Amino acid sequence: MAKEETQQKKLQWHPAFFAGLQIELEEERDKLIFENEHQLSTKPLEIDVVIIKKQPGVKIQKNIGQIFRTYNIVEYKGPGDSFSIDDFYKVHGYACIYKSITEKVNEIDAEEITLTIAVNQFPRDMLKELQRRGNFQVVKFEEGIYHISGGMFPIQMIHTVKLSEENNFWLRNLTNKLKKKEDAEKLLDRYNEKKQENLYQSVMDIIVKANIELFEEVDDMCDALMEIVKPKVDAKVQEALKEGLKEGRIIERIELIRKKLAKGMSVEEIADFLEEPVDVIKELMIKL
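Treat the numbers as computed from the prediction; the structure is a model and nothing was measured. Every chain is numbered on its own, with residues counted from 1 as its sequence reads. Residues qualify for local features only when their pLDDT is at least 70, as the model is predicted, and side-chain atom pairs are given and counted only at 80 or more; totals for whole chains, interfaces and linings, by contrast, use all residues. Excluding hydrogens and water, the side-chain figures rest on all heavy atoms present in the structure.

Notes on the packing of helix α3 (residues 85-100) against helix α4 (residues 124-133)
Angular values range over 0 to 180 degrees, each being the angle between N-to-C directions of two axes fitted as lines to C-alpha atoms, with helices fitted over their stretch in contact. Here a helix means four or more residues in a row that DSSP labels H or I, a strand means two or more in a row labelled E, and each is numbered from the N terminus. In the contact formed by α3 and α4, the axes pass within 8 Å of each other and the chain directions differ by 75°. Between α3 and α4, the interaxial angle falls into the category roughly perpendicular. Between α3, through I85, F88 and Y89, and α4, the contact on the second element is made entirely by M126, E129, L130 and R133. Each residue is assigned to one class: nonpolar for Ala, Val, Leu, Ile, Met, Phe, Trp, Tyr, Cys and Pro, charged for Asp, Glu, Lys and Arg, and polar for all the others, Gly among them. Split into classes, the residues belonging to the contact of α3 with α4 amount to five nonpolar, no polar and two charged. Any angle that falls under 35 degrees is termed roughly parallel, while one over 145 is termed roughly antiparallel, one within 65 to 115 roughly perpendicular, and all others oblique. Note on definitions: a residue-residue contact is assigned when non-hydrogen atoms from the two residues lie within 4.5 Å.

Rendered as structure tokens:
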């Protein structure tokens, strides 16, 4: 369990989130400028994402962008990361610094700044603390989106896993908690339509790696997806080989697999017959 948690922590969620934001806002992407890991100073202090309207007066129609003004600061906490009351004030501080480090005085109008807090885990304690103080109000805008008033800037909180599947499919599925095989199949179907585009590759890569066991249950994994999962599959195969699948036995297994395939058996049936993991059978099939 500890090993699995360590592997999850190593996953790079931020690039996938940055790609996911652009996917969600792609119909209006020509109106926006996206800046990833915006440096606030020469010291290690940076904003996760800044989204700038090319034309300040343009209204963004997408649900997660309706709050946007000209300068929109986004803080993201992926799976395994909490968002505390101190994080809340830190993001406020980022916005204040962003406004202040300009060449001209008041070059950025404070009224043109918004904050978006995107979280995978619902920050219950943080919201309780805000409401306890009395000067903040939290209102549910729609499923997965909350507006917070009472701060220096307009604020929205996005609980990504509760977003609308219809309107925010990719951000909603940016999680390590996919439950159903049908969810993986639906993701594959949607990904196949966009698999040549880098943004979708970035998001799908992290979703698959974070939910690898579920995706391995899917019968029809496309070639593009196999490129994503192959390093993980290879690692599992190597572990299995070290545990006793010696060279002579490998040759024997390959021959048996060849015969079973010729008889029309599925990979899962062969794995069950040979009492080997499906991943090992798939890797041996490459050697046929």
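Text resumes after the structure shown.
What about the packing of aromatic side chains?
Pairing of aromatic side chains here covers Phe, Tyr and the six-membered ring of Trp, requires ring centres within 6.5 Å, and sorts the geometry by plane angle: under 30 degrees stacked, over 60 edge-to-face, intermediate tilted. For the structure shown, the criterion picks out seven aromatic pairs. An angle of 5° between the planes, with centres 3.9 Å apart, marks the rings of F17 and Y76 as stacked. Here F17, found in helix α2 (residues 13-24), pairs with Y76, found in strand β3 (residues 71-77); they are 59 residues apart in sequence, far enough to count as distant. Just as F17 is buried, Y76 falls in that class too. Among the aromatic residues, those joined into a ring-pair cluster are F88, Y89 and F136. Here the guanidinium or amino end of R190 rests over the ring plane of F169, the centre of that ring lying 4.1 Å away. Summary of the burial criterion: residues with accessible area below 20% of their type's maximum are buried, those above 50% are exposed, and those between are partly exposed, where the area comes from a 1.4 Å probe applied to protein chains only. Here, a charge over a ring is recorded when the distance from Lys NZ or Arg CZ to the ring centre is within 6 Å and its angle to the ring normal is within 35 degrees.

With respect to the pattern of salt bridges
Just to be clear on terms, a salt bridge is a Lys or Arg side-chain nitrogen sitting within 4 Å of an Asp or Glu carboxyl oxygen. Overall, the coordinates contain eleven salt bridges when judged by the stated rule. We note a salt bridge from K31 to E28, for which the minimum N-O separation is 3.7 Å. On the basis of relative accessibility, which here comes to 29%, the residue K31 falls in the partly exposed class. With a relative accessible area of 8%, E28 lands in the buried category.

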